[in-house]
Amino acid sequence: MPTEFTKKVLMLIKNIPKGKVSTYGRIAKLAGNPKAARQVSWILHSSSKKYNLPWHRVINSRGEISIKSVESKELQKRLLENEMIEINSEFKIDLNKYHWDLQSIEEINTNKKGR
DNA sequence: AACCTGACGAAGA
DNA sequence: TTCTTCGCCAGGT
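This text gives an overview of the structure that appears in the document. (Residues numbered from 1 in each chain as written. Chains lettered and ligands numbered in written order. Predicted model: local features only at pLDDT ≥ 70, side-chain atom pairs only at ≥ 80, totals over all residues. Heavy atoms only, no water.)

**Thoughts on the nonpolar core**
Among soluble globular proteins, nonpolar side chains are generally buried collectively. Put simply, the test is: Side-chain atoms within 4.5 Å are what join buried Ala, Val, Leu, Ile, Met, Phe, Trp, Tyr and Cys residues into a set we call a nonpolar core. Note on exposure labels: buried denotes an accessible area under 20% of the residue type's maximum, exposed denotes more than 50%, and partly exposed covers the range between, all computed with a 1.4 Å probe on protein chains only. The secondary structure listing takes helices from DSSP runs of H or I that are at least 4 residues long and strands from runs of E that are at least 2 residues long, numbered from the N terminus. Contact definition: two residues touch when any of their heavy atoms are within 4.5 Å.
Grouped together as the largest cluster of nonpolar side chains are 21 residues, with contacts concentrated most on Phe 5, Val 9, Leu 12, Ile 13, Ile 27 and Val 40. Mapped onto this core, the elements with two or more residues apiece are helix H1 (4-14), helix H2 (24-30), helix H3 (37-47) and helix H6 (105-114). Among the elements that line this core, the one with the most residues is H1, at five residues. Not counting residues within four places of it along the chain, the set of residues in contact with Ile 27 comprises Val 9, Leu 12, Ile 13, Ile 16, Ser 22 and Val 40. Residues Val 21, Ile 65, Ile 85 and Phe 91 belong to the second largest nonpolar core, which totals 10 residues.

This is the structure:
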């Protein structure tokens, strides 16, 4: 059974637009627990397939692909490049350019209603 | 229950 | 700016 926090995290990640990225810390904060960045990463690597999430759009606060396995790292890079996101040779992304600028979880709910 | 672990992050040095 | 240290949280052993 996913906790409230987990559900919010999943919902937020699903809503990251194509061509944008977000960070573990930001997702945690928006989901209501600013200090649970590590938990966000755990949710991702344990259940991204299960929930069919755009896991590749979540990176660390320094704008880098923060993944250990070399294969997955390359995969994530390719997935992001497919969305026209630039990544340098050190797996770094310009957050100022690509960071999803959502301010609160309410914005998602509002947009859904409005549409 | 105790201890370890990590796709994290802020704060110091 | 780069490197450590330390706090966090929950799952695994």
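**Considerations on the protein's contact with DNA strand C**
The criterion, for reference: The cutoff for a nearby residue is simple: one of its non-hydrogen atoms must lie within 4 Å of the molecule or strand. Two N or O atoms count as a polar contact when they lie within 3.5 Å, although within protein this holds only if one can serve as hydrogen donor and the other as acceptor, and sequence-adjacent residues are included solely when both atoms are side-chain atoms. Residues are grouped as follows: Ala, Val, Leu, Ile, Met, Phe, Trp, Tyr, Cys and Pro are nonpolar; Asp, Glu, Lys and Arg are charged; all remaining types, including Gly, are polar.
Around DNA strand C, a shell composed of Lys 35, Arg 38, Gln 39 and Trp 42 is seen. Within 4 Å of the protein, atoms of DNA strand C come from sugar and phosphate in 56% of cases. The contact in question runs from a base oxygen of DNA strand C to an N or O atom on the side chain of Arg 38, over 3.1 Å. Classifying every residue of the surface near DNA strand C gives one nonpolar, one polar and two charged.

**Quick word on the protein's contact with DNA strand B**
Taken together, 14 residues lie near DNA strand B, and Tyr 24, Arg 38, Ser 61, Ser 66 and Lys 68 sit nearest. Here DNA strand B approaches the protein such that, of its atoms within 4 Å, sugar and phosphate make up 46%. Contacts to DNA strand B include Ser 61, whose backbone N or O atom sits 2.7 Å from a phosphate oxygen. Between DNA strand B and Ser 66 there is a distance of 2.2 Å, counted from a sugar or linking oxygen to a backbone nitrogen or oxygen. Residue assignment for the surface near DNA strand B shows that the elements contributing at least two residues are H2 and H3. The biggest single contributor to the surface near DNA strand B is H3, with five residues.

**Points about the packing of H1 against H3**
In plain terms, the rule: Axis definition: a line fit to C-alpha positions, over the contact stretch in the case of helices; interaxial angles, taken between N-to-C directions, run 0 to 180 degrees. For classification, angles of less than 35 degrees are called roughly parallel, those exceeding 145 degrees roughly antiparallel, those between 65 and 115 degrees roughly perpendicular, and all remaining angles oblique.
The interhelical angle for the contact between H1 and H3, taken along N-to-C directions, is 70°, at an axis separation of 11 Å. When the axis of H1 is compared with that of H3, the two are roughly perpendicular. Here H1 contributes Phe 5, Thr 6, Val 9, Leu 10 and Ile 13 to the contact with H3, which in turn contributes Gln 39, Val 40, Ile 43 and Leu 44. Tallied by class, the residues present in the contact of H1 with H3 amount to seven nonpolar, two polar and no charged.

**Let's talk about the pattern of salt bridges**
Selection criterion: Just to be clear on terms, a salt bridge is a Lys or Arg side-chain nitrogen sitting within 4 Å of an Asp or Glu carboxyl oxygen.
Taken as a whole and assessed by the stated rule, the structure comprises five salt bridges. A salt bridge links Lys 7 to Glu 4; the nearest nitrogen and oxygen atoms lie 3.4 Å apart. Remark: Glu 4 and Lys 7 occur in helix H1; sequence separation between them is three residues, near one turn of the helix. You can call Glu 4 exposed: its relative accessible area is 52%. Between Glu 83 and Arg 57 there is a salt bridge, with the nearest N and O atoms lying 2.8 Å from each other. Here the residue Glu 83 occupies a position in the loop between helix H4 (70-82) and helix H5 (95-98), and Arg 57 occupies one in the loop between H3 and strand S2 (58-59), the gap between them amounting to 26 residues. Classification of Glu 83 as buried rests on a relative accessible area of 12%. Where salt bridges share partners, they join Arg 62, Glu 64 and Lys 92 into one cluster.

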